[in-house]
Structure formats: structure tokens, C-alpha cells
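Structure assessment
Residues per chain, in single letters:
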Amino acid sequence: MKKLKNNNSRKGMSEIVTTLLVLVLVIVIIGVIWIVVRGIADKGTEQIDLKTKCLESVVKVTKATCDTNGLCNATLSRQSGTDELAGVKLIFVDQAKENSFTYDISGNLEAPNLRTENGEDGSGIATGLTNVTTARAEVYFLDSSGKEVLCTGGSGVNVQRV
């Protein structure tokens, strides 16, 4: 009878150890799944936040002038939004809409301030385009990794010849 009692005791211990191992394995699997899901959800939340900032932050070119050599000046106005911008891309497009030049203006532009861009030396932004017809502004923000997120869809203004 002692042998039977001993075998039952060992069998009972084996079932308890197996149950504990299964529970630990399930907890580890749940933890791994939680980490993956949380990472995906956080990334999606950041993208939604950036898109909301894009919709709220409108910067427009109010006036743009270019000479025949492609030296341009532009006046920008922030129409709405209070979030700090990482910068604004000033985009000049030629008449054929085949060539463009992008000028990067880093830093914030607070509403309703106007800002005139004359290039780095003040003589104009050298676009390299001979027949610039439109200019538009597109704001951008930085995501958590420091990558630029461009807010597309800015409307353009006709460029005046000087």
C-alpha cells in the first residue's frame, strides 16, 4: 500500500507542476501579445495626432514675387493652429508644372504673424526656375523618431513678375 500512496503523491505533484508551467507559459504569451499590440496602438495614436495637427495648422503664401532669373520672395501668414511647427516648405512651381523648387523654413510661425522670406542673403530665394507661376506653403511636424511629417494640400498663390 505504501507504493500506491507514493505513486499517487508523485503523480499529484507532476500534475501541479504541469499546471503551473502551463499558467506561466500563458502569462508570458499574453505579455508578448500585449507589448506588440501596445506598440501598434501607440504608433497609430501618434499618426492620428500628427494628422490632427496638420488639419489645424494652416500657413498660406499671401504674396509671392519672382524675377526672370528665378529669384523669388514670399510672404507667409499662419491662418490657424496653435501647435508649434517644425517648419514650413515653400514650394515654387514653373508654368509647365513640370519643375519645382522647395525652400525649407525651419522653426515655428505663430498666428497671425506675417513672415517674408528673401533667401539666406536677402537678395531672394534662388529657385533655378525661369518661369515661376505659383508658390505654396506646406507645414511639417516631427514625429517621435525625428522624421518630418509633411502636411500636404496647401493651396498656391499666383506669383507676380518683377
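Now for a quick tour of the structure. (Residues numbered from 1 in each chain as written. Predicted model: local features only at pLDDT ≥ 70, side-chain atom pairs only at ≥ 80, totals over all residues. Heavy atoms only, no water.)

A few words now on the packing of aromatic side chains. Taken as a whole and assessed by the stated rule, the structure comprises zero aromatic pairs. Cation over ring: K89 sits above Y140, and NZ or CZ is 4.9 Å from the ring centre. (Phe/Tyr/Trp six-rings, centres within 6.5 Å; stacked < 30°, edge-to-face > 60°. Lys NZ or Arg CZ within 6 Å of the ring centre and 35° of its normal.)

On to the environment of L129, then. Mapping L129 onto the fold places it in the loop between strand 6 (125–126) and strand 7 (132–142). On the basis of relative accessible area, L129 is assigned to the buried category, the value being 10%. Residues L129 and L23, spaced 106 residues apart in sequence, show a C-alpha to C-alpha distance of 69 Å. The residues touching L129, leaving out its near neighbours within four places in the chain, are N69, G70, F92, V93, D94, N99, S100 and F101. (Helix = DSSP H or I, 4+ residues; strand = E, 2+ residues; numbered from the N terminus. Buried < 20%, exposed > 50% of the residue type's maximum accessible area, 1.4 Å probe, protein only. Contact = heavy atoms within 4.5 Å.)

This paragraph deals with the pattern of salt bridges. Across all of its chains, the model carries four salt bridges by this definition. The salt bridge involving R115 is made with E117; its shortest N-O contact spans 2.7 Å. In the salt-bridge network here, residues are joined through shared partners; they are K89, D104 and E148. (Salt bridge = Lys/Arg side-chain N within 4 Å of Asp/Glu carboxyl O.)

Backbone geometry at K97 places phi at a positive 60°, although glycine is not the residue there. With respect to the helices and strands, the residue K97 is situated in the loop between strand 3 (87–94) and strand 4 (100–106).

Tallying each qualifying case throughout the model produces two disulfides. One disulfide in the model links C54 with C151; its S-S distance is 1.9 Å. Negative torsions about the S-S bond denote left-handed disulfides, and the value of about -65° found for C54 with C151 makes this one left-handed. Separated by 97 residues along the polypeptide, C54 in helix 1 (residues 2–56) and C151 in the loop between strand 8 (148–150) and strand 9 (156–158) bring together distant segments of the chain. Here C54 and C151 have matching classes, each one buried. Cysteines bonded in the chain are numbered consecutively along the chain; their disulfide partners then correspond to 1-4, 2-3. (Disulfide = S-S within 2.5 Å.)

Honestly, that's just the spatial picture; any functional story needs more than this.
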